[in-house]
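Fold and contact review
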Amino acid sequence: FRGRFPRQKGRGRHSSALTKRLDWRKIRQRNRQVRHARPSQSAPPQHSDAAIFACDAGHLPYAWVAALQIARMEPERRFDIVIASPDLGAVPPYLWDGPIRWVQLDVSAIPQIHHPNARIALGTFYRHLLPELLQDDYARLLYMDTDAWLRRPGIQGLFDRIAGDWPLAASLTFLHQPELRTRA
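Residues numbered from 1 in each chain as written. Predicted model: local features only at pLDDT ≥ 70, side-chain atom pairs only at ≥ 80, totals over all residues. Heavy atoms only, no water.

With that out of the way, let us pick up the overall build of the protein chain. When you go through the protein chain residue by residue, the secondary structure sums to five helices and four strands. From first element to last, N terminus to C terminus, the protein chain shows the α and β order α-β-α-β-β-α-β-α-α. Of the roughly 13,700 Å² that the protein chain leaves accessible, carbon and sulfur atoms contribute 54%. (Helix = DSSP H or I, 4+ residues; strand = E, 2+ residues; numbered from the N terminus. Areas by Shrake-Rupley, 256 points an atom, 1.4 Å probe, with all protein chains shown as cover.)

In structure tokens, the structure reads:
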């Protein structure tokens, strides 16, 4: 910010830098208080179904962008869009009042392991906590990775087509179906 703001009269270079540092300390302290005061979720569930992402702080921006795309593409949806993370302190407060429901994940049940593949972090296993965590909130969950991108509406149609009490539903991946790759 050097050179953008006019220097105030009566203050030297060092005194204004000290004031700025003190102000930032106050701001950080207030942010910590807000983070600790946050509830474990941003809102109660609104629907019986949910499209959900589960990730750590490193993937929160990606999950948020993908979740917003779903909200834009399906404005008449009858399902919640949820992001579950143990790192909700990294979410800016102004995002808590949007179309996304934020839920705190307790990851203490997951053992601290180091996967031999460096690309697979502990956050990969967060999805396994979702059914138990949200069993009282939702009848059905559609889990998506943070790199999912909705190109056209269709998630509500998936929920509408699942009839009965199915514990698990899945879709084919293009990687293991060569004939699907050529048609995509």
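Taken as a class, soluble globular proteins show a tendency for nonpolar side chains to be buried jointly. With 23 residues, the main nonpolar core has Phe53, Ile70, Ile83, Trp102 and Ile155 as its most contacted residues. It is helix H2 (residues 60–73) that provides the largest number of residues to this core, a total of seven residues. Within the second largest apolar cluster, 15 residues are counted, among which are Ala54, Leu122, Tyr126 and Leu130. (Core = buried A, V, L, I, M, F, W, Y, C linked by side-chain atoms within 4.5 Å. Buried < 20%, exposed > 50% of the residue type's maximum accessible area, 1.4 Å probe, protein only.)

So, about the side chain of Ser85. Tracing the sequence through the fold places Ser85 in strand S2 (residues 80–85). Here Asp87 takes part through its backbone nitrogen, which lies 3.0 Å from a polar atom of the side chain of Ser85. Setting aside residues up to four positions removed in sequence, Ser85 forms contacts with Cys55, Asp56, Ala57, Leu60, Val103, Gln104 and Leu105. (Polar contact = N/O pair within 3.5 Å; in protein donor to acceptor, adjacent residues only side chain to side chain. Contact = heavy atoms within 4.5 Å.)

Pairing within the open sheet is parallel, and its four strands lie in the order S3-S2-S1-S4. At either end of the open sheet lies a strand with only one pairing partner, and these are strand S3 (100–104) and strand S4 (140–143). The average undirected angle you get between the axes of adjacent strands in this sheet is 30°. Of the strand pairs in this sheet, S2 and S3 are connected by five bridges, and their pairing is parallel. (Pairing = 2+ DSSP bridges. Axes fitted to C-alpha atoms, helices over the stretch in contact; angles between N-to-C directions.)

The next subject is the confidence of the model for the protein chain. Taken residue by residue, the protein chain gives an average pLDDT of 75. The fraction at 70 or more is 68%. When the criterion is pLDDT under 50, residues 1–24 qualifies, and its contacts beyond four places in sequence or with other chains add up to four contacts. Low pLDDT (under 50) marks residues 33–38, which in the prediction has eight contacts with non-local residues, meaning those over four places away or in another chain. (pLDDT = per-residue confidence, 0-100.)

Here we take up H2. Taking 1.5 Å of rise per residue, 14 residues should cover 20 Å, and H2 covers 20 Å from first to last C-alpha, within 8% of that figure. Here H2 has its buried residues at Leu60, Ala63, Ala66, Ala67, Leu68, Gln69, Ile70 and Ala71. (Expected span 1.5 Å × (residues − 1).)

Turning to the environment of Asp49, a few remarks are in order. Structurally, the position occupied by Asp49 is in strand S1 (residues 49–54). Residues Asp49 and Tyr138 lie 89 residues apart in sequence; the distance between their C-alpha atoms is 5.3 Å. Apart from residues lying up to four places away in sequence, Asp49 is in contact with Phe79, Asp80, Tyr138, Ala139, Arg140 and Phe159. A polar contact of 2.9 Å, which involves the side chain of Asp49, links it to the side chain of Arg140.

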